[in-house]
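One-letter residues, chain by chain:
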Amino acid sequence: MSFLDHATSLQPELVALRRSLHAHPEVGNDLPWTQQRIVEALDGLDLEVTLGHSVSSVVAVLRGARPGPTVLLRGDMDGLPVTEQTGLEYASTTGAMHACGHDLHMAGLVGAAHLLSARRDELAGSVVFMFQPGEEGPGGAKPMIEEGLLEVTGEKPVAAYGIHVFPGERGLFTYRPGTAMAGANYLHVTFHGEGGHGSQPHTAKDPVPALLEFGTALQTMVTRRFSVFDPVVASITQLSAGEAINVIPGRASLGASVRTLSAASDEAFPAAVRELAHGIAAAHGVRAEVEWTVLYPLTLNDDAETAFVANTLAELVGEEHVRQDADPLMGSEDFSFVLDQVPGCFFFLECSPPDLDQENPGWNHSPTVLFDDAVLGTQAAALAELAWRRLQRD
């Protein structure tokens, strides 16, 4: 029986698991209910299960009956602090929501564990099933790596694969070699001045005009210092100054999300920001403080592994259901920490309900986004097929 045929028989079980997870989302790195639910879903399989210490992760190892290398498969576990507005009968009522499809990721990975476990006697090597919390922040992949994820079988994996669901044509896989997703960075800039009376700004050193000028200049800097063919997206999302309307504050600050698509931009952007902020501060007679934090690095797909994924998926579901994306996504992923150390591929599966308005389906992180769990069997089979073929190849 093929993985796809076997997955079809698992479909009702996977749908039930997904909907249970969807109704009980947890946020961040502490996901005790979700962790326990995954452990229960893996119960009865011949797996070595390890729970995380610093985060609520689950690592399950399937050791094949025959010797061989290790392949890693990943699914993230956390939801978002979003109040669901889908109207689904299994909608979350907790104030959190699986608005990025991580409930499908978990169910699909559980399905892959069942499919591969059923063929353990023929399996040449080991498969690591990585159930990871905190993808939406503060990040769970790095703590898992620090706790030994990549050495759990005694050797580093030769390849790593992960699937992310998105709205769009149900059953369509998309992929991109090289940079698949942007790096995510946090920028905080604070201007320090001297407060005073709102009626006498000449007696103070007002940080607010410096902040406002910096906010505008930041956007101009992006278009003048960075190529449109290596784009940077800088979105100012936080502003803070005084509390009393008649008082000039002593400090004013902003926070921004900055997305980059190359190592060159990762290096150049913080230096350019510091130059800009300090220059504006000097012109206003105030002082600038710049904090730059790298949240997640670029998600870089290995060319050879991506070609392998594309060919495997085309044979599994047909070439008409597999497409290469022209452009990377400006969203970010902490699976990038795994791909920094292991060659692999992070790819995508579109899965909007077929009766949904495809012109306005609602996007990931939206309180109204809908994902069709009819794809779960295909998702599980794709992950299992990739691990199986990659181990057979070595």
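Residues numbered from 1 in each chain as written. Predicted model: local features only at pLDDT ≥ 70, side-chain atom pairs only at ≥ 80, totals over all residues. Heavy atoms only, no water.

**Points about the packing of aromatic side chains**
- Taken as a whole and assessed by the stated rule, the structure comprises 11 aromatic pairs.
- Ring geometry for Phe-173 and Phe-347: centres 6.1 Å apart, planes at 50 degrees, overall tilted. Here Phe-173 is found in strand S6 (residues 173–175), whereas its partner Phe-347 is found in strand S16 (residues 344–350), with 174 residues between them in sequence. Accessibility assignment for this pair places Phe-173 and Phe-347 in one class, buried.
- Site record: aromatic cluster; members linked through ring pairs are Phe-166, Phe-335, Phe-346, Phe-348 and Trp-363.
- Over the aromatic face of Trp-388 sits the side chain of Arg-119, whose NZ or CZ is 4.3 Å from the ring centroid. (Phe/Tyr/Trp six-rings, centres within 6.5 Å; stacked < 30°, edge-to-face > 60°. Helix = DSSP H or I, 4+ residues; strand = E, 2+ residues; numbered from the N terminus. Buried < 20%, exposed > 50% of the residue type's maximum accessible area, 1.4 Å probe, protein only. Lys NZ or Arg CZ within 6 Å of the ring centre and 35° of its normal.)

**Quick word on the packing of helix H3 (residues 102–117) against helix H9 (residues 376–393)**
- Put simply, H3 and H9 touch, their axes get as near as 8 Å, and they point 55 degrees apart. One element, H3, and the other, H9, form an angle in the oblique class. Relative to H9, the crossing made by H3 is right-handed. Contacts from Leu-104, His-105, Ala-107, Gly-108, Leu-109, Gly-111, Ala-112, Leu-115 and Leu-116 in H3 reach Leu-376, Gln-379, Ala-380, Ala-381, Leu-383, Ala-384, Ala-387 and Trp-388 in H9.
- In the contact of H3 with H9, the residues fall into 13 nonpolar, four polar and no charged. (Axes fitted to C-alpha atoms, helices over the stretch in contact; angles between N-to-C directions. Parallel < 35°, antiparallel > 145°, perpendicular 65-115°, else oblique. Left-handed = near helix turned anticlockwise from the far one by under 90°. Contact = heavy atoms within 4.5 Å. Nonpolar A, V, L, I, M, F, W, Y, C, P; charged D, E, K, R; others polar.)

**So, the sheet that holds strand S10 (residues 232–240)**
- Spatial ordering of the open sheet is given by S10-S12-S8-S13, a layout of four strands whose pairing is antiparallel. Both outer strands of the open sheet, S10 and strand S13 (287–296), are each paired with one neighbouring strand and no more. Direction aside, the axes of adjacent strands within the sheet are offset by 20 degrees on average.
- Here S10 runs beside strand S12 (residues 251–260); their pairing, made up of eight bridges, is antiparallel. (Pairing = 2+ DSSP bridges.)

**A word on the nonpolar core**
- Leu-73, Leu-116, Phe-129, Phe-131, Tyr-161 and Phe-347 are the most contacted members of the largest nonpolar core, which totals 66 residues.
- Of the residues forming this core, the biggest block, 10 residues, is contributed by H9.
- Discounting residues that sit within four places of it in the chain, Tyr-161 has contacts with Val-71, Leu-72, Leu-73, Arg-74, Glu-305, Phe-308, Val-309, Phe-335, Cys-345, Phe-347, Leu-386 and Arg-390.
- Membership of the second largest hydrophobic core comes to 28 residues, among which are Ala-210, Ala-252, Val-258 and Ala-277. (Core = buried A, V, L, I, M, F, W, Y, C linked by side-chain atoms within 4.5 Å.)

**Focus: the side chain of Asp-372**
- The topology assignment puts Asp-372 in the loop between S16 and H9.
- Judged by relative accessible area, which is 13%, Asp-372 ranks as buried.
- A distance of 2.7 Å separates polar atoms of two side chains, one belonging to Asp-372 and the other to Arg-170.
- Ignoring anything within four residues of it in the chain, the contact list for Asp-372 reads Leu-104, Arg-170, Cys-351, Ser-352, Pro-353 and Pro-354. (Polar contact = N/O pair within 3.5 Å; in protein donor to acceptor, adjacent residues only side chain to side chain.)

**Regarding the sheet that holds strand S3 (residues 66–76)**
- Pairing in this open sheet of eight strands is mixed, and the strands run S1-S2-S4-S3-S5-S16-S6-S15 from one edge to the other. One side of each edge strand has no neighbouring strand; the edge strands of this open sheet are strand S1 (48–51) and strand S15 (322–324). Direction aside, the axes of adjacent strands within the sheet are offset by 20 degrees on average.
- With eight bridges connecting them, S3 and strand S4 (residues 124–132) associate as parallel partners. Across the sheet, Leu-73 pairs through a bridge with Phe-129, a residue of S4.
- The strands touched by H9 within the sheet are S3, S4, strand S5 (159–166), S6 and S16, with S3 carrying the most contacts at an inclination of about 150 degrees.

**Examining the environment of Gln-35**
- Position of Gln-35 among the secondary structure elements: in helix H2 (residues 32–42).
- Among the residues examined, Gln-35 registers a relative accessible area of 13% and is labelled buried.
- Placed 108 residues apart in sequence, Gln-35 and Pro-143 show a C-alpha to C-alpha distance of 16 Å.
- Residues within four places of Gln-35 in sequence aside, it is in contact with Leu-51, Gly-52, Ser-56, Ser-57, Val-58 and Met-77.
- At 2.9 Å, the side chain of Gln-35 and the backbone oxygen of Ser-57 are in polar contact.

**A closer look at the state of the cysteines**
- The final tally for this structure, using the stated rule, is zero disulfides.
- With no disulfide partner, Cys-351 has as its closest neighbouring cysteine sulfur the one in Cys-100, 11 Å distant.
- With relative accessibility at 0%, the residue Cys-351 sits in the buried group. (Disulfide = S-S within 2.5 Å.)

**Overview of the pattern of salt bridges**
- Under the definition given, this model contains 18 salt bridges.
- Residue Glu-305 pairs with Arg-390 through a salt bridge whose shortest N-O separation is 3.0 Å. Here Arg-390 lies in helix H9 and Glu-305 lies in helix H7 (residues 303–317), a separation of 85 residues in the sequence. Both residues of the pair, Glu-305 and Arg-390, belong to the buried class.
- One salt bridge in this structure joins Arg-389 and Glu-385, with 2.9 Å as the shortest N-O distance. Placement of the pair is Arg-389 and Glu-385 together in helix H9, with a separation of four residues, close to one helical turn.
- Residue class for Arg-389 comes out partly exposed when judged on its relative accessible area of 26%.
- Overlapping salt bridges, with partners in common, bring together Arg-18, Arg-19, Asp-103 and Asp-373 in one network. (Salt bridge = Lys/Arg side-chain N within 4 Å of Asp/Glu carboxyl O.)

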